[in-house]
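Survey of secondary and tertiary structure
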Amino acid sequence: MAEAATSQSSTSPFTDESARQALTRACQMAGVGARSVELIRIGSNAVYRVDGDVIARVAPSAHLLANARKQIEVARWLGSVDYPATRALDIAQPVEADGRVVTFWESISRETVYAPIRDVATLIKRLHTLAPPDDIDLPDLRPFGNVTDALPTFDGLPATDAQFLLERVEWAREAFPRLGFALPAGPVHGDANVGNVICDDRGRPVLIDLDSFAVGAREWDLIQTALFADRLGWHSAAEYRAFVDVYGYDVTKWAGYTDLADMREIAMTSWMARKASVSRDAAAESIKRVEAMRTGASRRDWGAH
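**Some remarks on the overall build of the chain**
The number of helices and strands found in the chain is eight helices and ten strands. On the principal axes, the C-alpha backbone points of the chain span a range of 50 × 45 × 35 Å. The proportion of buried residues among the 305 residues of the chain is 50%. Surface exposure of the chain reaches about 14,400 Å², of which carbon and sulfur atoms provide 48%. Taken together, the 34 basic and 42 acidic charged side chains of the chain have centroids lying 2 Å from each other.

This is the structure we're talking about:
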């Protein structure tokens, strides 16, 4: 792995400017040309298009180095079994620079076109048939961490909302391992949904974003599509039927569905709430979601972020 002179995490705000600085340094270290750098988005990572055909992902902290290594290993394993997932550049990586971690990927397409729901189901089903690789130490699926891990903070929320959400995270952390899953455990993407399956320039679906890849309950890869259809209205009933027809299992019929759907809502809202201190939009969306979870109100007005 290429490394900068320091392995300390950056304490500067995670902005386009600071991420570009780390990316510039990482490109120099890795020998990647960077005549043009175009920001695609900033979320959990800053994502850039570099010289047209390379995608660079800048993670905000050097503490994420192990996760970045896992992503590269998983991408190379999936490539070795001819699974249609994002491909890591064949260079020494990840690269640690300026207290951040940078990974480099082959561009899938010039424009982001999300795959049809049947293709999403096909890729998830195919992933779930794979045996875990012997040479990669994949983590166990723990969407809310271990009981001994530090709990998240939600500084951008009103105190009562932050406390409510924290209590829900604590419940989910303790309850998730006890759900009694029906499907056999195996490799899971960890954030499987239509937003992470895009079409290449020839229209073929490709799985992206390997940050949450793990081994565990396959139901976790099915719950978002079910939740998007059932509670949020982001998929139609016909789309969900198509997903179930292709995958061959309907997670909404499983006894643990309601609890798992609640947990996925908690995960989605927690991710949003961690940005509330720096984003007015994230704060407003988080407060709306917390109120719906607290009162049982409709989720149909939740924004897709």
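**Concerning a negative patch on the surface**
Together, E73, D134, D135 and D137 line one region of the surface with negative charge. If you trace the backbone, E73 turns up in helix α2 (residues 65-80). Take E73: its relative accessible area is 41%, and that puts it in the partly exposed class.

**What to know about the confidence of the model for the chain**
Averaged over the chain, the pLDDT score is 94; the fraction of residues at 70 or greater is 96%. Segment residues 1-7 is flagged for pLDDT under 50; beyond a separation of four residues in sequence, or across chains, it makes 18 contacts in the model.

**Here's the deal with the packing of helix α4 (residues 159-175) against helix α8 (residues 280-295)**
In a packed pair of helices, the relevant descriptors are the angle between the two axes and the axis-to-axis distance. Running from amino to carboxyl end, α4 crosses α8 at an angle of 60°, the nearest separation of the two axes being 10 Å. As judged from the angle between their axes, α4 and α8 are oblique. Seen along the crossing, α4 lies across α8 with a hand that is left-handed. Residues T160, D161, F164 and L165 of α4 form the contact with α8, whose participating residues are I287, V290, M293 and R294. Split into classes, the residues belonging to the contact of α4 with α8 amount to five nonpolar, one polar and two charged.

**Side note on the packing of aromatic side chains**
Both the distance between ring centres and the angle between the ring planes are used here to describe each pair of aromatic rings. Enumeration according to the criterion identifies eight aromatic pairs in this entry. Ring centres of W77 and F213 lie 6.1 Å apart, and the angle between their planes is 80°; on these two criteria the pair is classed as edge-to-face. One end of the pair, W77, is in helix α2; the other, F213, is in the loop between β9 (205-207) and β10 (214-216), and 136 residues separate them in sequence. Judged by its relative accessible area of 0%, F213 is buried. The interplanar angle of 50° and the centroid separation of 4.8 Å between the aromatic rings of F228 and W234 together place this pair among those described as tilted. Ring pairing ties together the aromatic residues F144, F176, F181, W220 and W254, which thus form one cluster. The residue whose ring lies beneath R168 is W171, and the NZ or CZ to ring-centre distance is 4.4 Å.

About the thresholds
- Residues numbered from 1 in each chain as written.
- Predicted model: local features only at pLDDT ≥ 70, side-chain atom pairs only at ≥ 80, totals over all residues.
- Heavy atoms only, no water.
- Helix = DSSP H or I, 4+ residues; strand = E, 2+ residues; numbered from the N terminus.
- Buried < 20%, exposed > 50% of the residue type's maximum accessible area, 1.4 Å probe, protein only.
- Areas by Shrake-Rupley, 256 points an atom, 1.4 Å probe, with all protein chains shown as cover.
- Lys, Arg positive; Asp, Glu negative; His and termini not counted.
- Charge placed at Lys NZ, Arg CZ, Asp CG, Glu CD.
- Patch = residues over 30% accessible without salt bridge, like charges linked within 9 Å, V, L, I, M, F, W, Y side chains within 5 Å.
- Salt bridge = Lys/Arg side-chain N within 4 Å of Asp/Glu carboxyl O.
- pLDDT = per-residue confidence, 0-100.
- Contact = heavy atoms within 4.5 Å.
- Axes fitted to C-alpha atoms, helices over the stretch in contact; angles between N-to-C directions.
- Parallel < 35°, antiparallel > 145°, perpendicular 65-115°, else oblique.
- Left-handed = near helix turned anticlockwise from the far one by under 90°.
- Nonpolar A, V, L, I, M, F, W, Y, C, P; charged D, E, K, R; others polar.
- Phe/Tyr/Trp six-rings, centres within 6.5 Å; stacked < 30°, edge-to-face > 60°.
- Lys NZ or Arg CZ within 6 Å of the ring centre and 35° of its normal.

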